[in-house]
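The residues making up each chain are set out below.
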Amino acid sequence: MSGKIKRVKKKISEKKKNEQGSSYSLIGDERFKFIIGLLITGFAVYLFFAFIAYLFWWKADQSFDTSMVISGAEIEVKNWSGKSGAWFADIFVNKGFGLAAFFIPVMFAAIGLRLLNLRRIKAGIISRNMILGIIIISIALGYIFGPAGGIFGSGPGGSHGYFVSRWLNAFIGKLGTGIFVAVLLLSYLMIVFKLNPVTLKNWFAKREKASSDQPDSTQMNDPVEADDKNHSEAFGGITTISNTGEDEGKQDEFKIINTLNEKNPSRNNVEDKSGNGNSQTIINDIDEKNGDSENGVTISITKAEEGEQLTDKEMKKITENYDPKLDLSNFQMPPLSLLEEYRSDTTFDDTEIIEKKETIVKTLSDYNINIKHISATVGPTVTLYEIVPEKGVRVAKIKSLDNDIALSLSAFGIRIIAPIPGRGTVGIEVPNKMPETVSMKSLISSKVFQESKFELPIAIGRTITNEPLMMDLAKMPHLLVAGATGQGKSVGLNVIISSLIYRKHPAELKFVLIDPKMVELTMYSRIEKHYLAKLPDAENPIITDSRKVVNTLNSLIIEMLSRYELLRKGEVRIIKEYNDKFKARKLNPENGHRFLPYIVLII
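Residues numbered from 1 in each chain as written. Predicted model: local features only at pLDDT ≥ 70, side-chain atom pairs only at ≥ 80, totals over all residues. Heavy atoms only, no water.

Novice: I would appreciate a short explanation of the sheet that holds strand 5 (residues 371-378) in the present structure.
Specialist: Through backbone hydrogen bonds, the strands of a sheet pair up, either in parallel or in antiparallel fashion. Read across the sheet, four strands follow the order 5-6-8-7 without closing on themselves; strand pairing throughout is antiparallel. Of all the strands in the sheet, the pair left with one neighbour each is strand 5 and strand 7 (415-417). Ignoring which end each strand starts from, the neighbouring axes of this sheet average 20° apart. Inspection of the sheet shows strand 7 paired to strand 8 (residues 426-431) by three bridges, in the antiparallel sense. When the sheet's bridge partners are listed, Ile 417 is paired in strand 8 with Gly 427. (Pairing = 2+ DSSP bridges. Helix = DSSP H or I, 4+ residues; strand = E, 2+ residues; numbered from the N terminus. Axes fitted to C-alpha atoms, helices over the stretch in contact; angles between N-to-C directions.)

Novice: I'm lost on the pattern of salt bridges in this one. Help?
Specialist: Here the idea is simple: oppositely charged side chains can pair when their charged atoms come close. The final tally for this structure, using the stated rule, is 13 salt bridges. Ionic pairing is found between Asp 580 and Lys 576, a salt bridge with its closest N-O pair at 3.2 Å. Here the residue Asp 580 and the residue Lys 576 both occupy positions in helix 17 (residues 575-583), the gap between them amounting to four residues, near one helical turn. The exposure class assigned to Lys 576 is partly exposed, which follows from its relative accessible area of 34%. Ionic contacts of the salt-bridge type, sharing partners, join the residues Glu 559, Arg 563 and Arg 594 into one network. (Salt bridge = Lys/Arg side-chain N within 4 Å of Asp/Glu carboxyl O. Buried < 20%, exposed > 50% of the residue type's maximum accessible area, 1.4 Å probe, protein only.)

Novice: I tried to follow the pairing of strand 5 on my own but got confused; where do I start?
Specialist: Every regular strand shows the same layout, with side chains that alternate between the two sheet faces. With seven bridges connecting them, strand 5 and strand 6 (residues 382-389) associate as antiparallel partners. Bridge pairing links Ala 376 to Tyr 385 in strand 6. A loop of three residues connects strand 5 with strand 6, the two strands running antiparallel in sequence.

Novice: In this structure, what is going on with the packing of helix 3 (residues 82-97) against helix 6 (residues 158-192)? I would like to understand it.
Specialist: Relative placement of two packed helices is described by the angle separating their axes and the distance separating the axes. Running from N to C, helix 3 and helix 6 point in directions that differ by 10°, and their axes come no closer than 2 Å. Taken as axis vectors, helix 3 and helix 6 run roughly parallel relative to one another. In this structure, helix 3 contributes Val 93, Asn 94, Lys 95, Gly 96 and Phe 97 to the contact, and helix 6 contributes Gly 158, Ser 159, His 160 and Gly 161. (Parallel < 35°, antiparallel > 145°, perpendicular 65-115°, else oblique. Contact = heavy atoms within 4.5 Å.)

Novice: What is the right way to read the nonpolar core from this model?
Specialist: Across soluble globular proteins, nonpolar side chains have a tendency to be buried as a group. Counting 28 residues, the largest nonpolar core has Ile 497, Leu 500, Phe 511, Leu 513 and Val 600 as its most contacted members. Of all the elements in the fold, those that place two or more residues in this core are helix 15 (489-501), strand 11 (509-513), helix 16 (549-570), helix 17 and strand 12 (598-602). When residues of this core are assigned to their parent elements, the largest contribution, four residues, is made by helix 15. Ile 374, Ala 406, Ile 414 and Val 430 belong to the second largest nonpolar core, which has 18 residues in total. (Core = buried A, V, L, I, M, F, W, Y, C linked by side-chain atoms within 4.5 Å.)

Novice: Looking at this model, I keep getting lost on the packing of helix 5 (residues 123-145) against helix 6. Mind explaining?
Specialist: Here helix 5 crosses helix 6 at 140°, and the two axes come no closer than 8 Å. Considering their axes alone, helix 5 and helix 6 lie oblique with respect to each other. Note that helix 5 runs across helix 6; the crossing there is left-handed. The residue inventory of the contact of helix 5 with helix 6, partitioned by class, reads 17 nonpolar, ten polar and two charged. (Left-handed = near helix turned anticlockwise from the far one by under 90°. Nonpolar A, V, L, I, M, F, W, Y, C, P; charged D, E, K, R; others polar.)

Novice: Please explain helix 15 as it appears in this structure.
Specialist: One turn of the α-helix equals 3.6 residues, which is why residues spaced by three or four share an orientation. Under the 1.5 Å per step criterion, the end-to-end length of helix 15 is 19 Å for 13 residues, consistent within 8% with the ideal 18 Å. Of the residues making up helix 15, those classed as buried are Val 495, Ile 496, Ile 497, Ser 498, Ser 499, Leu 500 and Ile 501. Residues of helix 15 that are buried in the fold lie against helix 13 (440-444), helix 14 (447-450), strand 9 (457-462), strand 11 and strand 12. (Expected span 1.5 Å × (residues − 1).)

Novice: Would you explain a nonpolar patch on the surface in this entry?
Specialist: A surface patch of nonpolar side chains, amounting to about 770 Å² of accessible area, comprises Val 45, Phe 48, Phe 49, Leu 55, Phe 56, Trp 57, Trp 80 and Leu 99. Within the element layout of this structure, Val 45 appears in helix 2 (residues 30-57). (Patch = residues over 30% accessible without salt bridge, like charges linked within 9 Å, V, L, I, M, F, W, Y side chains within 5 Å. Areas by Shrake-Rupley, 256 points an atom, 1.4 Å probe, with all protein chains shown as cover.)

Novice: When you look at helix 10 (residues 350-366) in this model, what are you seeing that I'm missing?
Specialist: Relative to the 24 Å expected for 17 residues at 1.5 Å per residue, helix 10 spans 25 Å between its end C-alpha atoms, a close match to the ideal helical length. Those residues of helix 10 that fall on the buried side of the exposure criterion are Ile 353, Lys 356, Ile 360, Thr 363 and Leu 364. One side of helix 10 holds all its buried residues, which, seen down the axis, span an arc of 95°. For helix 10, the exposed residues lying more than 90 degrees away from the buried face are Lys 362 and Asp 366. One or two steps after helix 10, the chain reaches Asn 368, where phi turns positive at roughly 60°. (Arc of directions from axis to C-beta.)

Structure (C-alpha cells):
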C-alpha cells in the first residue's frame, strides 16, 4: 500500500514539473515572442491609419456614439479602421493628446519590432522619447491653437493640451506659459537629438560662415558695370568677360566670344553684323595658350578651389589619443559613502604580547632551542613574532613544533614561516584574541589602491604591517575561490567585484554574472545598464537558470576567438597592448578593430 502511494505521489510531482516546464517554455519561446511582436506591430499600423482617417472624417464620425463600438453591422463609420479605430482615435486624438497622439503608434511599433529581434531598435529609448513628446507637444499645440484651430473637436493639442495650457495660463499667465512651453520644447529637442550648447554653437557658427561666403547679388546681376577696364572677372568660380563698346550710347547687343589663339589676331576684334550698324570690340584677357576656338562657341572656365581646411582645434581632436570613456562622459564613479566605515573599539594591550612572547620562549627552550631576540608586529587580525635563533639551531626543528607552540598559546592555529624571505628570521603568526574588522572603505580610499598600476586591481585585505594587500586579476585569468562553509567565499567575491567597480570605467570593464543560487549576486542587478553584459534575448541581467549557462559560455568562447583574431591582426599578445595601440590610433576601425573592454565571468 505504501509503495502505491509513493508511485502516485511521484506521478503527481512529475506532472507538476511538466506543467511548470511547459509554461516556462511558452514564455521563453522565441516563436511566442515573434507572434506577440507581430501583433503589437500590426496594432501600431492599425492605430496609425485610424488616426490618419480621423483627420479627414472626424466631423462625419462625431455623431458616432463610442458606447456602440460593439454594435451591429448596420452602424458604420467613415474611418478606415472601422468603429474600433474611430473609438481609439477619439480617445487618443480628440479626448487625449491631439496631433501628438501620432507618437503612440510609433512607440508600439518600436516595441513590436524589438520583439521581432531587430536589435538596432532601442525600444526603451524610443518609448521614453515618444512619451515625453506626447505630453510636451500636446501642451505646446494646446497653448498655440487653443480649443479650435480648425482641425477637429478639441484643437490640435487635444483635450489634454488644451486643459493643461489653460491651467498654466491661469497659474503663471500667458507670457509665463509661453516661456515654459519654449523651454520644454528646447529641452525635449536636446534630449532626443542629443544636443548640447557646444553643438548648437558650432552649428550657428557654420551657418554664419556659409552666409558670409555667398556672393553679392548686385555684382552677379550686372557684371559689365563692375569694372571700367577690359578684363575677365570670376563670380562663384565661373569666369565672365566684360565688354566695352565703341559707342556707349548705342549698346544694343553683347556678344561674348573667347579668342584664345594668338596666331589669329583678326579674331581679337570682332564686328557685330546684326544689321543695326552697331559695332563692338570684345577684348579677351584669357590665357592665350589655351588653344583656338574655330567655331566661335563660348566657353565657361571654372577654377578648382581647395577643400575646406580643418582648424587647429579639429586637428588636435583627430590626432589626440582615443578615449573610450567619452561615450559615457557623464558617468560618475560610485561614491565611498556607499561603503560602511568600521571603527575598531579594541585597544592595543602590551600585556598580551609579552605573555605570548614568554610562552613561545619557554616552549622552544623545552626543546633545547635558544633564542637571541624576539620582535612582534601587531596586525589587524594576526601578530607576527620574528625570532632570531642562536647559532647552530636548525630551522626545520622550529618548523616542526607548530602544533606544540599552538597548544602552549591556546590558539586556534598558528603559521610558522621558516625562514622569512630576505629577513634572516623565523616568523610565527599568532591570531589576536580581539581581531579588528578590515573595512572595504579603508582599502578603496587608500593611496596604494587608487594609484595602483594594475590592469584589474583587487584589494584583498591588509598585511601584518597593515598595508593594503593587492592583486591583479589580469594576471589570474582563471581564479578558483574555495573553502568550507562560513569561511568567506561570498565575501571574497564581493570584494573582487567592488574593487573593480571602484577603479574601472564601464567602457573598460564588463561583468557576466551567473548565480544559480539566486541570492548571492542579486544586489548587482542595479548596475545592469553600465557594467553587466548579457545575451540580447536574455530577460535577467544575472543568469540564474542553469539551462541558459551553456549559451552564455558559448557566446563568450565566440567573443574570445574573435578577440584572438583582432590581436593577431594588431600584432600584439595581450589585450592591454592592443588597447594601447587602439588609443594611439594605430589600428583602423574600418578594418574591424575596436576598443576591447575586459570581461570578467563570475560563477
